[in-house]
Every structure is written in C-alpha cells, then in structure tokens.
Amino acid sequence: MSGAYFSRRSPQIKKCMKKSIISLLTLLCAFQANASTITWGTPTSIVDIDDFLTTGTFVEAYNVGGSATTVGGINFTAAATLNASGVTGGRVFSNTFLPFPTTTGDNSYDNLLLGAQIESTYLTIGKGGLLVDGQEYSLQIWVNDSRALAVGRTVSFNTGDNSVTLDVNQGADTLGYTVVGTFIYDENNRFGGNPNTLHLTTSGSAGAVINAYALYAIPEPASFALLAAGLVGALVVVRRRRS
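What counts, and where the lines are drawn
Residues numbered from 1 in each chain as written. Predicted model: local features only at pLDDT ≥ 70, side-chain atom pairs only at ≥ 80, totals over all residues. Heavy atoms only, no water. Helix = DSSP H or I, 4+ residues; strand = E, 2+ residues; numbered from the N terminus. Buried < 20%, exposed > 50% of the residue type's maximum accessible area, 1.4 Å probe, protein only. Areas by Shrake-Rupley, 256 points an atom, 1.4 Å probe, with all protein chains shown as cover. Pairing = 2+ DSSP bridges. Axes fitted to C-alpha atoms, helices over the stretch in contact; angles between N-to-C directions. Contact = heavy atoms within 4.5 Å. Phe/Tyr/Trp six-rings, centres within 6.5 Å; stacked < 30°, edge-to-face > 60°. Polar contact = N/O pair within 3.5 Å; in protein donor to acceptor, adjacent residues only side chain to side chain. pLDDT = per-residue confidence, 0-100.

Draft legend 1. Inspection of the overall build of the protein chain at higher detail. Along its length, the protein chain carries three helices and 15 strands. In the protein chain, which comprises 243 residues, the share counted as buried stands at 41%. Surface summary for the protein chain: the accessible area is close to 12000 Å², and the carbon and sulfur share equals 54%.

Draft legend 2. Expanded view of the sheet that holds strand S11 (residues 162-167). Taken together, the four strands give an open sheet; going across it, the order is S8-S13-S10-S11, and neighbouring strands pair in antiparallel fashion. Here the strands that pair on one side only, and so sit at the sheet edges, are strand S8 (122-125) and S11. Within the sheet, the average angular offset between the axes of one strand and its neighbour, ignoring direction, is 25 degrees. Sheet topology places S8 next to strand S13 (residues 198-204); four bridges connect them, and they run antiparallel. Bridged to isoleucine 125 within S13 is leucine 198.

Draft legend 3. The pairing of strand S5 (residues 74-79), seen in detail. Note: strand S3 (residues 57-64) against S5, three bridges, orientation parallel. When the bridges of S5 are listed, valine 64 appears paired with alanine 79. Both strand S4 (residues 69-71) and S5 contribute to a ladder of three bridges, which runs antiparallel. Residue threonine 70 lies in a different strand from S5, and its bridge partner there is asparagine 75. Between S4 and S5, which pair antiparallel in sequence order, lie two residues; one of them, glycine 72, sits at a positive phi of approximately 60 degrees.

Draft legend 4. Expanded view of the environment of serine 205. Tracing the backbone shows serine 205 in the loop between S13 and strand S14 (208-210). Once the C-alpha coordinates of serine 205 and valine 155 are considered, the two residues, 50 residues apart in sequence, prove to be 6.7 Å apart. Residues contacting serine 205, with those up to four places away along its chain left out, are Gly152, Arg153 and Thr154.

Draft legend 5. Region of interest: the packing of aromatic side chains. Here the structure, examined in full by the defined rule, presents eight aromatic pairs. With a centroid separation of 5.7 Å and 75 degrees between ring planes, the pair formed by phenylalanine 76 and tryptophan 142 is classed as edge-to-face. Highlighted residues: phenylalanine 76 in strand S5 and tryptophan 142 in strand S9 (residues 136-143), separated in sequence by 66 residues. Take phenylalanine 76: its relative accessible area is 3%, and that puts it in the buried class. By relative accessible area, which is 0% here, tryptophan 142 ends up buried.

Draft legend 6. View of unusual backbone geometry. The phi dihedral of asparagine 196 falls on the positive side, at around 60 degrees, and the residue is not glycine. Tracing the backbone shows asparagine 196 in the loop between strand S12 (177-184) and S13. Judged by its relative accessible area of 27%, asparagine 196 falls in the partly exposed class.

Draft legend 7. Structural view of the side chain of aspartate 51. By the element assignment, aspartate 51 lies in the loop between strand S2 (44-45) and S3. In this structure aspartate 51 comes out as buried when scored by relative accessible area, which is 16%. Engagement of the side chain of aspartate 51 in a polar contact is seen with the backbone nitrogen of valine 47, the distance being 2.8 Å. A polar contact of 2.7 Å, which involves the side chain of aspartate 51, links it to the side chain of tyrosine 109.

Draft legend 8. Inspection of the confidence of the model for the protein chain at higher detail. Averaged over all residues, the pLDDT of the protein chain equals 74, while 64% of them reach at least 70. Of all the helices and strands in the protein chain, helix H1 (residues 2-33) carries the lowest mean pLDDT, 46, while strand S15 (residues 212-217) carries the highest, 95. For the stretch residues 18-33, pLDDT sits under 50, and the model shows 16 contacts to residues farther than four places along the chain or on other chains.

Shown next, in the form of structure tokens:
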C-alpha cells in the first residue's frame, strides 16, 4: 500500500523538490550578489545605552581618542588613532574642553563620543584578517562631532554601489548618528585592503568623522536553513520510496 501511495504521490514530491531546489538556488544567488556589499539600515540619532546592537558573536570593536571601555555590553579597544584598525588620514580630537551638548545618561557612552578620527579616507574592518569567507556580519558605526563648527556636517560610508550618509552634528542639544549595516563577506570582493578584511570608502562634507565601530558575526539566516532542511527532507522521502 505504501509503495502505491508513493507512486501516486511521486509527481507532487518531484514538484516539491523542484520548488525547493529553485528557491535554494535563488537564495544562494541573492547572497552572492550582495556579498561584501553592506546593506545599511536607517541611521538613528544617538540617544542612550539602548543604541547598542549586540546580536551574534563578538568579533572586534574600536574607539578613538580615549581609553578602553565597555559600553552597552561591548568591549571597545582604545587607539590613539584608528590607523591600527584600518582608518587612515586626518587627526584625532577630544572635545572635553567643550560643554557637552547633552548626555546619553551613561558616562562611558559620553566619553566614547568625545574622541574621533577626522578627515579619514577609508575604514578597513576585520583587524588582523578576522573576516571569514561566506560568514554574515553586522557592523555598527558611531559618528559625532559636538563642536559648534560641525553643525550640518555629514559623513558617508560606501561599499560598491551601496552607501549611507549620516549627520555628525544635528545642532543644539543633540548628538550625531549611529547606523547598522549587514554583509556576507566575500574574499574576492572586499573593495581593496588586505585579505580577510573589508574596505569602506569614507567621505565627508568637511572630512569624515568616525568615533567608534563594533563588528559581530551573526547566525546563518533562518530562511536558508529552512530551505536546506526542506530539500533534505524531500530527498529522504524519495530515497525511501525507491528502497
């Protein structure tokens, strides 16, 4: 009876397998097309400790112009400049001599925003060749320049055809912006830089400003796993029918 059942059902099983294979290949092609190109979220105003995204496995985080600190559950490594982690050009400022326009409600977060690399030309993430081919990552960047002369200035980050632009100073009693982007690393499409790193071109209306960034490896997409499981299940059914 079971043999007759599977015989009658074989067209449906084959159809299901075909759809699973097509969907899986489509998803794989979509991942490859977006490999190493960052898909940016909407920039959000820097407000408080809830700004920090810590989904996935921690890879690295750097801040400039201050000391090593833990903010929002992220351990930031301090640097005199961010050159060591791939940012080049410009200078570092620490505007502690200025009245801070507002507070995030967290001293460590406030201090993180006081130092910045200015007039940078690019940012290479994955210090020491940490990026893994085919792995998906989440990158968060903070930009803030509280000096009065910085009102209206912007900074842009670009990989391939995708870019995002943020204000570094929104005016009185406000701070800059933070933004999160995701990408699947492709060693053959890293936009320059050293192996196992990702090269972001930066520009600004008066020099690019970068205060800090954090990088996380995020889990395999659930949709990919589900499609793969469905395809394996269909193959098992067919194998049982043949045996």
